[in-house]
Amino acid sequence: MSVQKQILKGFSLILITALLVFIAVFVIYMRNISHKVEKELVQENIKRVYYIWQNEIKVLDKMVNDEAEWDESYRFVQEKNADYVEKNLLDGTFENARLNYIIFLDKDGKKVYARGYDFIKKEDISIPEEILRDVSSTPGGQKGLLMTAEGPVLFAARPVLKSDGKGPAAGNLIFGRLLTEEELQNLAARSGVNLKLLPLNSADLSGLKDSGFLPEGNPYYIKSFSKTRAVSYLVLRDINGRDGLLLEISYARWLPGVLISVAYVYGFLLLGIMVLAFYLLWNWLNRKIVDRINKLTRAVRKVDMDVADFREEIEIPDFSEDDEISALANSVRQMLEKIQDQQEGIIKNEQKWYSLLASAPGAIFVIQKGKVVFARGKLIEEAGYRWEEVVENPFKYFVHREDIINLLRDYQDLLEGRRRKLVYAFRIIDKKGKEVWVEDNAAVIEWEGEKATLHFTRDITARKILEEEINRLMAEKNMILDSLTERVALIDQDMHIIWTNKKTGSSLDGELAGVGELWGARCYEVWAGRNSICPGCPVPKALQSGVPAAEEVEFADGSIWRVNAHPVRDGKGRINGAVIAGLDVTERKHYEERLKYLSLHDGLTGLYNRAYFESEMKRLSKSRDYPITLIIADLDGLKLVNDTMGHNIGDEMLKAFAEVLRGVFRASDLVFRIGGDEFAVILPGTGKEEADNIIKRIEAAFDAYNEKHPALPIKASLGAATALSPEEPLEQVFKQADDFMYRNKMLGRAGLRHSILHALMATLAEKDYLNYGHAERLKDICRKMGERLKLSYQQMNDLSLLAEIHDIGKVAVPDSILFKDAPLTEEEWEVIKQHAEKGYRIALSTPDLAAIADLILKHHERWDGKGYPLGLKGEEIPLECRIFALADAFDAMTSARPYRQALTREEALEEIKKNAGSQFDPELVKIFISVIESE
């Protein structure tokens, strides 16, 4: 095809392609704009419809709230008076509010008033049972869509309260409106779109993705646009949050037609402009370029390249213009002359190269489509062939049959580009049938316009025999060394790795490193992660001395290795490297240190233990460190703390005690824990006077600690004794110190109990269970009841003390249970109920409270036997506990709580009266009411 035709064809294709691309891009662009705008319109319609829908629900909720928070409604639910119905629940009420259902329920869920009315047909209708079933007495009421057997209902319910909005609620008021076709058309008219309510399964949404979500989480879907209409679906959820209905929203489309018409107008306008530009450009190219190129082409075609000397046939035209085409004509003339010169040189060089290749060692092959197309080299002659016998024969004829499949597969990978080059060892068969090992280096070339492979092949039979013998010997050596659990490596004098066993590679960061990857690296780099030789490494010592050496070496990661180094000598006896073997002993060393520590120390406090104490006593009895003083310290009240507040608090107390002791003494002094709550200190070179000063320092340290930690003070009983010389056995001195300690313990026991009781009371106050006002009110009520019942002086005192510390057992209850916002589990409630027993044990351990321990144990018992912990009933319960139960309940009901308001005195007394004979003693209830009412 001529250049002129090609240019014409090219420009035509460019013109048509550009026009089509423009039209396509413009149409797609306009269509995307159309879809984007229409999608935004659909989303606006969906949101507008949804907000109108939500407004209907809010209006309905507002109506029911106005009616529910009204004193008249409140009295109607309580008294059920007929006047309210005649005045407020007429047919006009249904019609004006467009209601189909009005229902009043009392606080027990029973119907006070219920009516269904069709305000369009003006007739009564039945009330769906779903309205009554799904209503719940939530403080904020309920509103939304409700699915019933009669159809979807707009539903709103509110608790009936007084006009000031306060409770307790007398019951619930429910308004409902059926979503009829008339209601739906009213919504459609207000939103300006067509609406239709559909069941969830009536529209196939499986092929539609969520187009978005409204702020309340309702998903909506946009169906594919048709030519005339746009359809979308909005999922309406019922009051329980479940998908209830589909709302179909549709409107007529007009925008796509307008945009496509605009696209066609611009397309035709562009077509005219491009045709005119093409015509002008074509005329200019014809005159300036195409005609001159045709003249040059005709002149070149006349040259006969097969003629030995074609210089005389060159007739390239001379152009007068000074431009690129004139320069091209001159270049073509010069190029043809150079081609003539090069052609003569190529013939001479071909003769030289063929002679050189024939005498080269090995062989050179070119293989194309599986056949040998070129072959030269000594290897061909040594195999007994002439190169003419090899060329044009399939290469696989000369390859050993066991190597053919792998060799052809690898050469195919090379041809298809999966390999850039190939070095491969295989066997060929010479003319006598003998196997010859060769190594072949192959690469892809182009031979006469098609792909081929170029092969440089050499005989490696002798090398192969030597390699097989070396591999056999190395396999035997590696099998032995790889079976070892130690790291084994051969290094040179500069610590470079020459060889390693498998254990060395597999232990580096948990990954298996190949032996080749470690060659050349220094042993301390790959093993210890260091830039220099490890401190204590035995390798330099072995290399310098020529004698095997072994040391334990700590690496940078903290691991400890047992390293053995054996020097290696060459044939002349010179040291040229070493064999090193390393075994990880980190775990063993750490285990030994831990065992040593545990054998000498107490696991809880970290102080020395009794075993070390006894060994030090034996050692010091033979020393010259006299005088030696022993101090015995006993932590007072540990059992009481464990029983009342738990062993974890007791452990914290022991650790704090140990820290205070440790802070008093010097580093050379020995502090021991020799029993559960017993500690000892050995002070070598310390006399009696200095021991007394130390005792004072210990007591001062405990006082300082108790000032900072008044919630749980530490009290210790101390005893000290001094051995002035070896003639006084340390065992006897220990007994003297222990006796002094016990004597001091007896003197301070009462003060200790009072301190611990004070700490428990303080802890209880922190937990907000000993509110001063609450205790005083309880004592006041109990006092008045005691006076009315003419109780004894002792009973009056017991009642007063019980009112103050009845909940002392709650100090042992975890805060996570006491202050939990959510309802308690059964297990947590069982823990709460144990506080009466814990308070009982605390009181028994304190002489001042022992008299009321039984009252603390039984203050949660009920008259009907359903109390705890003993399940006593009737007069089995002490009189004081029955009186306290009334006072505690009354004060609790008349006091405000975060979760409720306080009851009035009359309401609290009414509640106590209801529980007479079940929770409370009925006779005491009568007296209690008269006492309260007489105030």
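Residues numbered from 1 in each chain as written. Predicted model: local features only at pLDDT ≥ 70, side-chain atom pairs only at ≥ 80, totals over all residues. Heavy atoms only, no water.

A. Here's a closer look at the environment of Leu20. The topology assignment puts Leu20 in helix α1 (residues 3–68). You can call Leu20 exposed: its relative accessible area is 53%. (Helix = DSSP H or I, 4+ residues; strand = E, 2+ residues; numbered from the N terminus. Buried < 20%, exposed > 50% of the residue type's maximum accessible area, 1.4 Å probe, protein only.)

B. Up close: the nonpolar core. With 46 residues, the main nonpolar core has Trp53, Ile102, Phe104 and Leu195 as its most contacted residues. Top element by residues in this core is α1. It accounts for 10 residues. Aside from chain neighbours lying at most four places away, what touches Trp53 is Leu145, Leu154, Leu179, Leu187 and Leu236. In terms of nonpolar packing, the next biggest core, distinct from the first, is built from 36 residues, Leu791, Ile805, Leu872 and Ala908 among them. (Core = buried A, V, L, I, M, F, W, Y, C linked by side-chain atoms within 4.5 Å. Contact = heavy atoms within 4.5 Å.)

C. Geometry of helix α29 (residues 879–893). Compared with an ideal rise of 1.5 Å per residue, which puts 15 residues at 21 Å, α29 spans 22 Å between its outermost C-alpha atoms and is within 8% of the ideal. Most of α29 is tucked away, with 12 of its 15 residues classed as buried. For α29, every residue scored as buried is listed here: Glu880, Cys881, Arg882, Ile883, Phe884, Ala885, Leu886, Ala887, Ala889, Phe890, Asp891 and Met893. (Expected span 1.5 Å × (residues − 1).)

D. Highlighting the packing of aromatic side chains. A complete count under the given rule lists 20 aromatic pairs for this structure. With a centroid separation of 6.3 Å and an interplanar angle of 75°, the aromatic rings of Trp829 and Tyr868 are classed as edge-to-face. Of the two residues, Trp829 sits in helix α26 (residues 826–833) while Tyr868 sits in the loop between α28 (853–858) and α29, which places them 39 residues apart along the sequence. The class for Trp829 is partly exposed, based on a relative accessible area of 42%. Owing to a relative accessible area of 15%, Tyr868 belongs among the buried residues under this scheme. These aromatic residues form a ring-pair network of at least three members: Trp70, Phe76, Tyr84, Phe104 and Tyr113. (Phe/Tyr/Trp six-rings, centres within 6.5 Å; stacked < 30°, edge-to-face > 60°.)

E. Seen up close, the confidence of the model for the chain. Looking at the chain, pLDDT values average 80 and 85% of them are 70 or higher. Low pLDDT (under 50) marks residues 510–515, which in the prediction has 11 contacts with non-local residues, meaning those over four places away or in another chain. (pLDDT = per-residue confidence, 0-100.)

F. Layout of the sheet that holds strand β22 (residues 628–635). The strand order across the open sheet built from four strands is β23-β24-β22-β25, with neighbouring strands paired in antiparallel fashion. In this open sheet, the two strands that pair with only one neighbour each are β23 (670–673) and β25 (716–723). Neighbour-to-neighbour, the strand axes of the sheet open up by a mean angle of 15°, direction not taken into account. Those strands touched by helix α18 (residues 610–621) are β22, β23 and β24 (678–684), and its axis lies near 30° from that of β24. (Pairing = 2+ DSSP bridges. Axes fitted to C-alpha atoms, helices over the stretch in contact; angles between N-to-C directions.)

G. Structural detail: unusual backbone geometry. The amide bond that connects Tyr626 to the next residue, Pro627, takes the cis arrangement and shows omega of 0°. The omega angle of the peptide bond from Tyr868 to Pro869 is 10°, so this bond is cis rather than trans. Counting through the fold element by element, Pro869 comes out in the loop between α28 and α29. You will see that Met495, though not glycine, has its phi angle at about 70°, which is positive. Mapping Met495 onto the fold places it in the loop between β17 (487–492) and β18 (497–500).

H. The arrangement of the pairing of strand β12 (residues 363–368) in detail. Judged by how many residues are buried, β12 sits mostly within the fold: six of six residues are covered. Burial of the side chains of β12 extends over both faces: Ala363, Phe365 and Ile367 are buried on one face and Ile364, Val366 and Gln368 on the other. Sheet topology note: the β12/strand β16 (residues 450–459) ladder contains five bridges and is antiparallel. From the neighbouring strand, Val366 faces β16, where its bridge partner is Leu454. Strand direction decides the pairing type here: β12 and strand β13 (residues 371–376), joined by five bridges, are antiparallel.

I. Molecular detail of the layout of surface pockets. Considered as a void within the structure, the second largest pocket measures approximately 740 Å³ in volume. Lining of the second largest pocket is provided by 23 residues; of these, Tyr74, Lys107, Gly167, Pro168 and Glu907 occupy positions nearest its centre. Among the elements of the structure, α2 (71–79) and α30 (905–914) are those that each provide at least two residues to the lining of the second largest pocket. Here the lining of the second largest pocket gets four residues from one element, more than from any other, and that element is α30. Residues belonging to the lining of the second largest pocket are distributed by class as follows: eight nonpolar, four polar and 11 charged. (1 Å grid on protein atoms, 1.4 Å probe; cavity = no way out; pocket = protein on both sides within 12 Å on 5 of 7 lines; lining within 4 Å. Points joined across faces, edges and corners; volume = space filled by probe spheres on them. Nonpolar A, V, L, I, M, F, W, Y, C, P; charged D, E, K, R; others polar.)

J. Structural view of the pattern of salt bridges. In the structure shown here, the tally under the stated rule is 40 salt bridges. Where Asp61 meets Lys143, a salt bridge forms, and the shortest distance between an N and an O atom there is 4.0 Å. Remark: Lys143 occurs in strand β4 (residues 142–148) and Asp61 occurs in helix α1; sequence separation between them is 82 residues. The class of Asp61 is buried, set by a relative accessible area of 7%. Linking Asp410 and Arg409 is a salt bridge whose minimum nitrogen-to-oxygen distance equals 3.8 Å. Three or more residues joined by partner-sharing salt bridges are found here, namely Glu56, Arg98, Arg177, Glu183 and Arg190. (Salt bridge = Lys/Arg side-chain N within 4 Å of Asp/Glu carboxyl O.)

K. A look at the environment of His400. Counting through the fold element by element, His400 comes out in the loop between α10 (387–390) and α11 (404–415). Distance from His400 to Lys434, taken between C-alpha atoms, is 9.8 Å for residues 34 residues apart in sequence. Excluding residues within four positions of it along the chain, His400 makes contact with Arg427, Ile428, Ile429 and Glu435. Reaching out from His400, the side chain makes a polar contact with the side chain of Glu435 at a distance of 3.0 Å. (Polar contact = N/O pair within 3.5 Å; in protein donor to acceptor, adjacent residues only side chain to side chain.)

L. Quick look at the side chain of Arg427. By the secondary structure assignment, Arg427 is in strand β14 (residues 421–429). With relative accessibility at 13%, the residue Arg427 sits in the buried group. One polar contact links Arg427 to Glu402, side chain to side chain, over a distance of 3.1 Å. With sequence-adjacent residues up to four places away left out, Arg427 is seen in contact with Val399, His400, Glu402, Asp403, Glu435, Val436 and Trp437.

M. Structural context of the sheet that holds strand β2 (residues 111–118). One open sheet accounts for six strands, arranged β3-β2-β1-β6-β5-β4; its pairing is antiparallel. Here the strands that pair on one side only, and so sit at the sheet edges, are β3 (123–125) and β4. The mean angle between the axes of side-by-side strands here comes to 30°, regardless of whether they run parallel or antiparallel. As defined by bridge partners, strand β5 (residues 151–160) adjoins strand β6 (residues 171–178) across eight bridges and the pair is classed as antiparallel. Within β6, the position partnered with Arg158 by the bridge is Leu173. Contacts from α2 reach β1 (101–106), β2, β5 and β6, with the element oriented near 65° to β1.

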